[in-house]
Amino acid sequence: MKAVLFYAPKVIKLVDVPTPEPGPGEVLLKISAALTCGTDFKAYRQGHHMLGTPPSPFGHEFAGVIAAVGKNVSKFKSGDRVVAANSAPCEGCFYCERGQTQLCDDLKLHNGGYAEYNLVPAPIVKHNLYKLPDNLGFSEAALGDPLACAIHAVDVVRAHEGETAAIIGAGSMSLLLLQALRARGVRVLVVGRSKANLDIASAAGADTVISTENAEPIAAIKRLTDGRGADCVFEAVGTAKTWQMAVELTRKGGRVCLFGGCASGTMVPIDTHRIHYSQITLHGVFHHTPKYFKAAVDLLASSRVKTGLLIEGRIALDEVPSFFHERHGQSNRKFAVIP
Ligand SMILES: [Zn+2]
Ligand SMILES: [Zn+2]
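**Student:** Mind laying out helix α11 (residues 290–301), listing which residues take part and the relevant values?
**Tutor:** An ideal rise of 1.5 Å per residue puts 16 Å on 12 residues; α11 measures up with 16 Å between its terminal C-alpha atoms. Elements in contact with the buried residues of α11: β6 (81–84), α3 (122–127), β8 (129–131), α4 (138–141), α5 (144–157) and α6 (172–183). A positive phi of about 65° marks S303, the residue just after α11.

Here's what the structure looks like:
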């Protein structure tokens, strides 16, 4: 089969590899669509510890049709249309026992979406593989992973109907947070820089978009919230400056979700006076759990997510290396890779 493998930062290649055969509990998936993701671009630029020893399978958001099942697989059969999450609980560690499976001591992020076939490991088949309803396409279903992260963030912060949330950033993750918040009836204000991205955020359901080119975001958010600040703020950029801004945009008693991962070693000075006397709660949120992945697939199946705005276009598998080479420096919306 053809597969794109990661060899080193800025070196990925389309190569021929043996098509795997499913062992006990495993499923062989014929991939119908995989989505590009900001994490893949970051890994392309600088490598990623979760990719393991190169050459490594690459791409982690994908959906397809089951081509073969291993022994002891009873829930699925050949021909089933499915989406797989890129991780599963180990069932044995302190965190998995407490339901915090995203913090699993043995968390393995499964890759290999940019290929003709993917061998889905037994723990994912057991905990995190879902059949698709007929109305849900493969590219849309592959949004399950990033949407699950967004639903997780919204749930941790307990954003609810009648509240106003601010999102800092207008990239793909911001659009997914926006969908998760709109599904809960939350009013959403998006702060961003790129006019093109803010226009998409408006079309995707943001109540108001604020361009940092034209307005001072703290004053703008206060003006839109009777001078208080937002009930909850989601930082979806991943810089020290925007982490600080997130605290400033929040009202007294509000909650902040620090969602954008900063470069390792980043330190952020925070106004302790404000955190303490205004009783602001800071949440770090990472990844998702089977509960949130299932919720994401259900939300996608409900047709309430504006998937057309989230996926910019499609490319073929053999275009992946040149696509990453040309686009890794830009802020891209998602592309569907169709093998
Ligand atoms: Zn991703
Ligand atoms: Zn575990």
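**Student:** Any chance you could break down the packing of α5 against α6 for me, citing the residues and the numbers?
**Tutor:** Between α5 and α6, the shortest axis-to-axis distance is 8 Å and the interhelical angle comes to 55°. Judged by the inter-axis angle, α5 sits oblique to α6. For the pair α5 and α6, the sense of crossing is right-handed. On the side of α5, the interface is formed by P146, L147, A150, I151, A153 and V154, while α6 contributes S172, M173, L176, L177, Q179, A180 and L181.

**Student:** A description of the sheet that holds strand β2 (residues 11–16) should follow, citing residues and the corresponding values.
**Tutor:** Reading across the sheet, the three strands line up as β2-β1-β4 and stay open at both edges, with antiparallel pairing between neighbours. Every other strand in the sheet has two partners, leaving β2 and β4 (56–57) as the edge strands with one partner each. Alignment of strand β1 (residues 2–8) against β4, held across two bridges, turns out to be antiparallel. Within β4, the position partnered with F6 by the bridge is S56.

**Student:** Tell me about the packing of α5 against α11, and please be specific about residues and values.
**Tutor:** Running from N to C, α5 and α11 cross one another at 110°; their axes reach a closest spacing of 8 Å. One finds that α5 runs roughly perpendicular with respect to α11. Relative to α11, α5 is oriented so that their crossing is right-handed. Across the interface between the two elements, G144, L147, A148, I151 and H152 from α5 touch Y292, F293, A295, A296, V297, L299 and L300 from α11.

**Student:** How would you summarise the nonpolar core if you had to cite specific residues and measurements?
**Tutor:** Residues L147, I167 and L177 are the most contacted members of the largest nonpolar core, which totals 104 residues. A per-element tally of this core places α5 first, with eight residues. Split by domain, this core shows at least three residues from each of two domains, domain 1 (2–143 + 305–338) and domain 2 (147–284). Residues contacting L147, with those up to four places away along its chain left out, are L176, Q179, A180, A296, L299, L300 and V305.

**Student:** Go over the domain arrangement of the protein chain with me, naming the residues and quoting the values.
**Tutor:** Split into domains, the protein chain comes out as domain 1 (2–143 + 305–338) and domain 2 (147–284). The straight-line distance from the C-alpha centre of domain 1 to that of domain 2 is 28 Å. Every contact between the two is made by nine residues of domain 1 and, on the other side, 10 residues of domain 2. Residues of the side of domain 1 that touches domain 2, tallied by class, amount to four nonpolar, two polar and three charged.

**Student:** Report on the pairing of β1, specifying residues and quantitative values.
**Tutor:** Alignment of β1 against β2, held across six bridges, turns out to be antiparallel. Within β2, the residue paired with F6 across the bridge is I12.

Analysis parameters
- Every chain begins its residue count from 1, and numbering advances along the sequence as written.
- Chains and ligands are labelled sequentially in the order written, the chains with letters from A and the ligands with numbers from 1.
- At least 70 in pLDDT is required for a residue's local features to be given in this predicted model, at least 80 for side-chain atom pairs to be given and counted, and no such filter applies to totals for whole chains, interfaces and linings, which use all residues.
- Helix and strand labels come from DSSP, where a helix needs a run of H or I of at least four residues and a strand needs a run of E of at least two; each type is numbered from the N terminus.
- Expected helix span is taken as 1.5 Å per residue step, with the number of steps being one fewer than the number of residues.
- With C-beta atoms placed from the backbone, a contact is any residue pair whose C-beta atoms sit within 7 Å.
- Fitted lines through C-alpha atoms give the axes, limited to the stretch in contact for helices. The angle between two N-to-C directions lies from 0 to 180 degrees.
- Roughly parallel covers angles under 35 degrees, roughly antiparallel covers those over 145, roughly perpendicular covers 65 to 115, and oblique covers all other angles.
- Helix crossings get a hand from a simple test, with the near helix turned counterclockwise from the far one by less than a right angle marking a left-handed crossing and a clockwise turn marking a right-handed one.
- At least two DSSP bridges between two strands are needed for those strands to be called paired.
- Note on terminology: a nonpolar core is a set of buried residues of type Ala, Val, Leu, Ile, Met, Phe, Trp, Tyr or Cys, with members joined through C-beta atoms within 7 Å.
- Buried, partly exposed and exposed are defined by the number of other C-beta atoms within 10 Å of a residue's own C-beta, namely 20 or more, between the two limits, and 12 or fewer respectively, with C-beta atoms placed from the backbone.
- Note that domain bounds follow an automatic or database assignment of domains.
- Gly is put with the polar residues, along with every residue not named as nonpolar or charged; the nonpolar set is Ala, Val, Leu, Ile, Met, Phe, Trp, Tyr, Cys and Pro, and the charged set is Asp, Glu, Lys and Arg.

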